[in-house]
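Spelled out from the first residue to the last, the chains are:
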Amino acid sequence: MTKKSYKSQSSLISNDSGSREATRLEILRNYQILDTPKEQAFDDLAKLTAYICDTPIALISFIGADRQSVKAEVGGEGLHNLPRDIAFCNYVMLSEDLLEVEDAANDVDFQYNPLVVGKQKVRFYVGAPLLSPEGYPLGSLCAIDMVPRRLNEQQREALRILAREVVAHLELRRARLQLEKEKTQLFELLRPSTNKPDTAAAEEQYTEIFVRQEQKLVRVVTADITYVEALGDYVNIYTDRERLTVYSTMKELESRLPNRDFARIHRKYIVCLGRIIAIETDTALFETSKTTTLSLPIGNSYKAALLNRLNLI
């Protein structure tokens, strides 16, 4: 008997027009959610999904131009970065409501899917579309099992509610990003137009900053900061006591930290000048606490400016 191959539903079901897909991808980009670190709010919603559906796997995933990006998961280690045309979540986006596949091995649309016939052995799948307020599908909240099953109506309604919660967190994220953008624009507008701002005023600015941690703002005294590290779309702020991971850029942090106390020494690092205890060729040795030190690289393009700021004799 000839083995049949999987034919993507993308060729069977007409996807949205090119212009609508371009708009969908632009909305998804505005959330800045693809390939970002774990976040407790999304992790908790994935855990609730697995619990409510009684499945070993639950995912919150978003569909980019050609692949699936997993934001939060329970037991979905083998389902990251799947090609879009085989990801079940891609077809949830074509549904107005839940997509529930009780036994994928006996489903004409999925029985030859690589996730069904391959090592994953997916049998049960249920997914709720994640719809933006504009009505564009961004991805799905789903539950997966390796045995056939069927949800009851209470479970289905709970899944719909959780999907709306995921979108609510996305909207909070988009609002925060817009607020940060407007704050930056306002800061640039109010910045003195001369090349030599009042030094005394500049030194008085930003002795403390507020950073967002999940759903709260945390005050950080800049004198407690030892160094800042770039991490993709995020930065790690290290203090004597803790590490804070926040959504920001190095340029933004550099503009908020007191110029007299901090220096950019590398494209990935900003350090407190008062913590530096030695310069060794292309590295800076500085104190992270009273008992520990750390060595960080000095970028060639930053070295001259750093040396000019040190009191060399």
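For the rest of this paragraph, the subject is the overall build of the chain. Counting its secondary structure elements, the chain contains 8 helices and 15 strands. Scored against the burial criterion, the 313 residues of the chain give a buried share of 44%. Here the contacts in the chain between residues at least 6 apart in sequence split such that 56% fall between residues at least 24 apart.

Before going further, it helps to examine the packing of aromatic side chains. One pass over the full model with this rule turns up 6 aromatic pairs. On the numbers, 5.0 Å between centres and 45° between planes, the contact of Phe88 with Tyr125 is tilted. One end of the pair, Phe88, is in helix α3 (residues 88-92); the other, Tyr125, is in strand β4 (residues 124-131), and 37 residues separate them in sequence. There is no split in this pair, since Phe88 and Tyr125 are both buried. An aromatic cluster is present here, built from Phe88, Tyr91, Phe110 and Tyr125 joined pairwise through their rings. Between the NZ or CZ atom of Arg20 and the centre of the ring of Tyr136, over which it lies, the distance is 4.2 Å.

Time to look at the environment of Pro56. Along the polypeptide, Pro56 turns up in the loop between α2 (40-53) and β1 (57-63). Expressed as a C-alpha distance, the spacing of Pro56 and Asp145, which sit 89 residues apart in the sequence, is 6.1 Å. With near-sequence residues (within four places) excluded, Pro56 lies in contact with Val74, Gly75, Ile144 and Asp145.

Under the criterion given, the structure shown has 23 salt bridges. For Glu21, the salt bridge is made with Arg84, and the minimal N-O distance between the two is 2.8 Å. Taken together, the positions of Glu21 in helix α1 (residues 18-31) and Arg84 in the loop between β2 (68-74) and α3 put the pair 63 residues apart, joining distant regions of the chain. Of the residues examined, Glu21 reaches a relative accessible area of 14% and is grouped as buried. The partner of Asp97 in a salt bridge is Arg160, with the nearest N and O atoms 2.9 Å apart. Remark: Arg160 occurs in helix α5 (residues 153-190) and Asp97 occurs in the loop between α3 and β3 (99-101); sequence separation between them is 63 residues. If you follow the salt bridges from partner to partner, you end up with Asp97, Glu100, Glu153, Arg156, Glu157 and Arg160 in one network.

Bringing α2 into the picture now. Helix length check: α2, at 14 residues, gives a terminal C-alpha distance of 20 Å against a target of 20 Å (1.5 Å per residue), a fit within 8%. All of the buried residues in α2 are Phe42, Asp43, Leu45, Ala46, Thr49, Ala50 and Cys53. On an axial view of α2, the arc spanned by its buried residues comes to 165°, and they lie on one face. Opposite the buried face of α2, by more than 90 degrees, sit the exposed residues Lys47 and Tyr51.

Now for the sheet that holds β1. Read across the sheet, 5 strands follow the order β2-β1-β5-β4-β3 without closing on themselves; strand pairing throughout is antiparallel. Either end of the sheet is taken by a strand with one partner, and the two such strands are β2 and β3. Averaged over all neighbouring strand pairs, the angle between strand axes comes to 20°, with direction disregarded. Alignment of β4 against strand β5 (residues 137-145), held across 8 bridges, turns out to be antiparallel. Considered in β5, the bridge of Phe124 is made with Asp145. In the packing of α1 onto the sheet, the strands contacted are β1 and β5, and the crossing angle to β5 comes to about 75°. Packed onto the sheet, α2 meets β1, β2 and β5 and runs at close to 65° relative to β2.

Attention now goes to the pairing of β2. Of all 7 residues in β2, 5 are buried, a share of seventy percent or more. Pairing of β1 with β2, which is carried by 6 bridges, proceeds in the antiparallel orientation. Bridge assignment links Ile63 to a residue of β2, and that residue is Gln68. Between β1 and β2, which pair antiparallel one after the other, the connecting turn spans 4 residues.

Parameters at a glance
Residues numbered from 1 in each chain as written. Predicted model: local features only at pLDDT ≥ 70, side-chain atom pairs only at ≥ 80, totals over all residues. Heavy atoms only, no water. Helix = DSSP H or I, 4+ residues; strand = E, 2+ residues; numbered from the N terminus. Buried < 20%, exposed > 50% of the residue type's maximum accessible area, 1.4 Å probe, protein only. Contact = heavy atoms within 4.5 Å. Phe/Tyr/Trp six-rings, centres within 6.5 Å; stacked < 30°, edge-to-face > 60°. Lys NZ or Arg CZ within 6 Å of the ring centre and 35° of its normal. Salt bridge = Lys/Arg side-chain N within 4 Å of Asp/Glu carboxyl O. Expected span 1.5 Å × (residues − 1). Arc of directions from axis to C-beta. Pairing = 2+ DSSP bridges. Axes fitted to C-alpha atoms, helices over the stretch in contact; angles between N-to-C directions.

Any link to function would need more than the numbers given here.
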